[in-house]
Amino acid sequence: MIAYVTLGADDMSRAKRFYSAILPALGYALDERPEGLSYTLPAGADQPPAPDLYIKPPFDGRPASVGNGTMIAFKVPGQKLVRDLHAAALAAGGSDEGAPGFRAAYGPRFYVGYLRDPQGNKVALFSNDPNEPGRGE
């Protein structure tokens, strides 16, 4: 089980603006400390804890860099919220890596939008709700 994910960032204020435009709408709470940002979900009584997301400067003191092929994906409850959060993230300093919509390479209900955070880390926001229209419906 994944316990947490850490992404490097050189500018905490830019990172906070970006991730705070997305994560509170998905139930994450922010704990801001001198060593960086911690976004956590409350533990459910009947579910294992979800992974935390930490945004921190690299421990080695060198500039943060992104991993080629590395991406973090957040499950979103509904296609409209995918669109809304994608737009909010762009307004909060993110860059577009693929507008929200269906992709031919994925299942007929997989609705996804892609972004880069201000540091360049790739982020996906997706919904796979069987109660919403699928690709081609």
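Residues numbered from 1 in each chain as written. Predicted model: local features only at pLDDT ≥ 70, side-chain atom pairs only at ≥ 80, totals over all residues. Heavy atoms only, no water.

Some points on the pairing of strand β5 (residues 71-75)
Point 1. What you see with β5 is a clean split: Ile72 and Phe74 sit on the buried side and Met71, Ala73 and Lys75 on the side with no burial.
Point 2. Looking at chain direction, β5 and strand β8 (residues 122-127) are connected through five bridges and run parallel. Within β8, the residue paired with Ile72 across the bridge is Val123. (Buried < 20%, exposed > 50% of the residue type's maximum accessible area, 1.4 Å probe, protein only. Helix = DSSP H or I, 4+ residues; strand = E, 2+ residues; numbered from the N terminus. Pairing = 2+ DSSP bridges.)

Focus: the sheet that holds strand β2 (residues 29-33)
Point 1. Taken in spatial order, the four strands of this open sheet run β1-β4-β3-β2, and their pairing is mixed. Strands with a single pairing partner mark the edges of an open sheet, and in this sheet they are β1 (4-8) and β2. Taking each pair of neighbouring strands and ignoring which way they run, the sheet shows an average axis angle of 20°.
Point 2. Of the strands in this sheet, β1, β2, β3 (36-40) and β4 (52-56) touch helix α1 (residues 12-20), which is tilted by about 15° from β3. (Axes fitted to C-alpha atoms, helices over the stretch in contact; angles between N-to-C directions. Contact = heavy atoms within 4.5 Å.)

Structural notes on the sheet that holds β8
Point 1. Reading across the sheet, the four strands line up as β5-β8-β7-β6 and stay open at both edges, with mixed pairing between neighbours. The open sheet has two edge strands with one neighbour each: β5 and β6 (95-102). This sheet shows a mean twist of 15° between the axes of neighbouring strands, independent of strand direction.
Point 2. Bridge count between β6 and strand β7 (residues 111-116): five bridges; the pairing is antiparallel. When the bridges of β7 are listed, Phe102 appears paired with Tyr111.
Point 3. Taken strand by strand, helix α2 (residues 79-91) contacts β6, β7 and β8, and its axis lies near 10° from that of β7.

What about the layout of surface pockets?
Point 1. Considering only enclosed or pocket space, the largest pocket measures out at about 230 Å³ in volume.
Point 2. Elements represented by at least two residues in the lining of the largest pocket include exactly β4 and β5.
Point 3. Top contributing element to the lining of the largest pocket by residue count: β5, with four residues.
Point 4. Of the residues assigned to the lining of the largest pocket, the class counts are ten nonpolar, no polar and two charged. (1 Å grid on protein atoms, 1.4 Å probe; cavity = no way out; pocket = protein on both sides within 12 Å on 5 of 7 lines; lining within 4 Å. Points joined across faces, edges and corners; volume = space filled by probe spheres on them. Nonpolar A, V, L, I, M, F, W, Y, C, P; charged D, E, K, R; others polar.)

Describing the packing of aromatic side chains
Point 1. In total, this model carries seven aromatic pairs according to the counting rule given.
Point 2. For the ring pair Tyr4 and Tyr54, a centre distance of 5.2 Å and an interplane angle of 45° mean the geometry is tilted. With Tyr4 in strand β1 and Tyr54 in strand β4, the pair connects residues that are 50 residues apart, well separated along the chain.
Point 3. Summarising the aromatic geometry, the rings of Phe110 and Phe126 are spaced 5.0 Å apart at their centres and angled 20° between planes, so their arrangement reads as stacked. Of the two residues, Phe110 sits in the loop between β6 and β7 while Phe126 sits in strand β8, which places them 16 residues apart along the sequence. For the pair shown, Phe110 and Phe126 are each scored as buried. (Phe/Tyr/Trp six-rings, centres within 6.5 Å; stacked < 30°, edge-to-face > 60°.)

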